[in-house]
Amino acid sequence: MIGLIGAMTVEVELIKGSMTEKREETISGITFVQGKLEGVDCVAAVSGIGKVNAAMCAQTMILRYHPRLIINTGVAGGMGKGIKISDIVVADSVVQHDMDTSDLGDPKGFISGIDRIQIPCDEELNDKVRAAAGAVEGLACHQGIIATGDQFVGSKDKLNRLMEEFGAVACEMEGGSIGQVCYINKVPFTVVRAISDNANDDAHMDYPKFLKIAVKKSFELLTELMPLLA
Ligand code: SAH
């Protein structure tokens, strides 16, 4: 069983639409759709936006469906040179950029309990993500740190801060908390997102304009990826 999590309905509807042998159940307000995607057993869910929703979804999915790996799919803000709208970014690790106990002397992003800043994604899974991206014509795939926080990043100041403090190549609002849940539960995971905006001063215009195009890119990649995970 492969777990697929998207934050928003738009990020999961193509997946759901392509799944066969579907069965649905709703737990704590989150609907889980179990079935097959490209012939591979999976469970897909819309978590809702932000770290709390995403963590609830990931933990419930793990306890109820015992996925052997979890993929967080969807869209993100791209950061840094060469990362363009509709490119793919796969996380080698995720961070929670708004976790901040630095006034107590901790480094920014330090997560007490697991006592780390960066949460590593599964390398074997990422190899397959890159292979799948290579199979989609004209799809550029970047790899690096994805920064998660409970805020839409839509200004040069915020974007520069995330690049400087965390070396991030993309930002979004769920991957880092799904990563924390997976890390604690020892479930291999990765975050694969298509770029919907550049997290800069134009992001408020680009995001609604390119959301659907980016979602489609993520989905194209996923349909290539699923058979590699069988
Ligand atoms: N009210 C809006 C909120 C969208 S928030 C709506 O319901 O459509 C943006 C979503 O896309 C989040 O789930 C986040 O993970 C991702 N995202 C895309 N670009 C982002 C950016 N520049 N900063 C933060 N999150 C971004």
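Residues numbered from 1 in each chain as written. Predicted model: local features only at pLDDT ≥ 70, side-chain atom pairs only at ≥ 80, totals over all residues. Heavy atoms only, no water.

**Student:** Explain the overall build of the protein chain residue by residue, including any values.
**Tutor:** Looking only at helices and strands, the protein chain has six helices and 10 strands in total. For a compact globule of 230 residues, the expected C-alpha radius of gyration is about 17 Å, and the protein chain comes in at 16 Å, within 12% of that figure. Across its three principal directions, the C-alpha atoms of the protein chain cover 50 × 40 × 30 Å. Burial statistics for the protein chain: of 230 residues in total, 53% are counted as buried. (Helix = DSSP H or I, 4+ residues; strand = E, 2+ residues; numbered from the N terminus. Rg over C-alpha atoms; globule rule 2.2 N^0.38 Å. Buried < 20%, exposed > 50% of the residue type's maximum accessible area, 1.4 Å probe, protein only.)

**Student:** Help me get a handle on the environment of Val 181, residues and values and all.
**Tutor:** Inspection of the secondary structure assignment puts Val 181 in helix H5 (residues 175–185). Distance in space between the C-alpha atoms of Val 181 and Met 56 is 8.9 Å, their sequence separation being 125 residues. Contacts of Val 181, omitting those with residues within four sequence positions, involve Ala 55, Ala 58, Gln 59 and Ile 62. (Contact = heavy atoms within 4.5 Å.)

**Student:** Report on helix H4 (residues 156–166), specifying residues and quantitative values.
**Tutor:** Along H4, the positions that sit buried rather than exposed are Leu 159, Leu 162 and Phe 166. One face of H4 carries all of its buried residues, which in axial projection span an arc of 75°. Opposite the buried face of H4, by more than 90 degrees, sit the exposed residues Lys 156, Asp 157 and Glu 164. Of the surrounding secondary structure, the elements contacted by the buried residues of H4 are strand E6 (88–96), strand E8 (141–148) and strand E9 (168–172). (Arc of directions from axis to C-beta.)

**Student:** Could you give an account of the pairing of E9, with specific residues and numbers?
**Tutor:** For E9, the tally of buried residues reaches five of five residues, placing the bulk of the element in the interior. In the sheet, strand E5 (residues 69–78) pairs with E9 via two bridges, with the strands oriented antiparallel. The residue bridging Gly 77 from the neighbouring strand is Cys 171, located in E9. Taken together, the four bridges between E8 and E9 define a ladder with parallel strand orientation. Each bridged residue has a counterpart across the sheet, and for Ala 147 the counterpart in E9 is Cys 171. (Pairing = 2+ DSSP bridges.)

**Student:** Give a detailed account of the nonpolar core, specifying residues and quantitative values.
**Tutor:** One finds Ile 2, Leu 4 and Ile 71 to be the most contacted residues of the largest nonpolar core, which totals 35 residues. In terms of residue count, helix H6 (residues 203–228) provides more of this core than any other element does, eight residues in total. If we skip the residues at most four places from it in the chain, Ile 71 touches Ile 2, Gly 3, Leu 4, Ile 5, Leu 125, Thr 190, Val 192, Leu 222, Leu 225 and Leu 229. (Core = buried A, V, L, I, M, F, W, Y, C linked by side-chain atoms within 4.5 Å.)

**Student:** Quick one: what's the story with the pattern of salt bridges, residue by residue and with numbers?
**Tutor:** If you walk through the whole model with that rule in mind, you get 11 salt bridges. The salt bridge partner of Asp 41 is Lys 36, with a shortest N-O separation of 3.1 Å. Here Lys 51 makes a salt bridge to Asp 98, at a shortest N to O gap of 3.0 Å. Taken together, the residues Lys 51 in helix H2 (residues 51–65) and Asp 98 in the loop between E6 and strand E7 (119–120) connect sequence positions 47 residues apart. Its relative accessible area of 29% is what places Asp 98 among the partly exposed residues. (Salt bridge = Lys/Arg side-chain N within 4 Å of Asp/Glu carboxyl O.)

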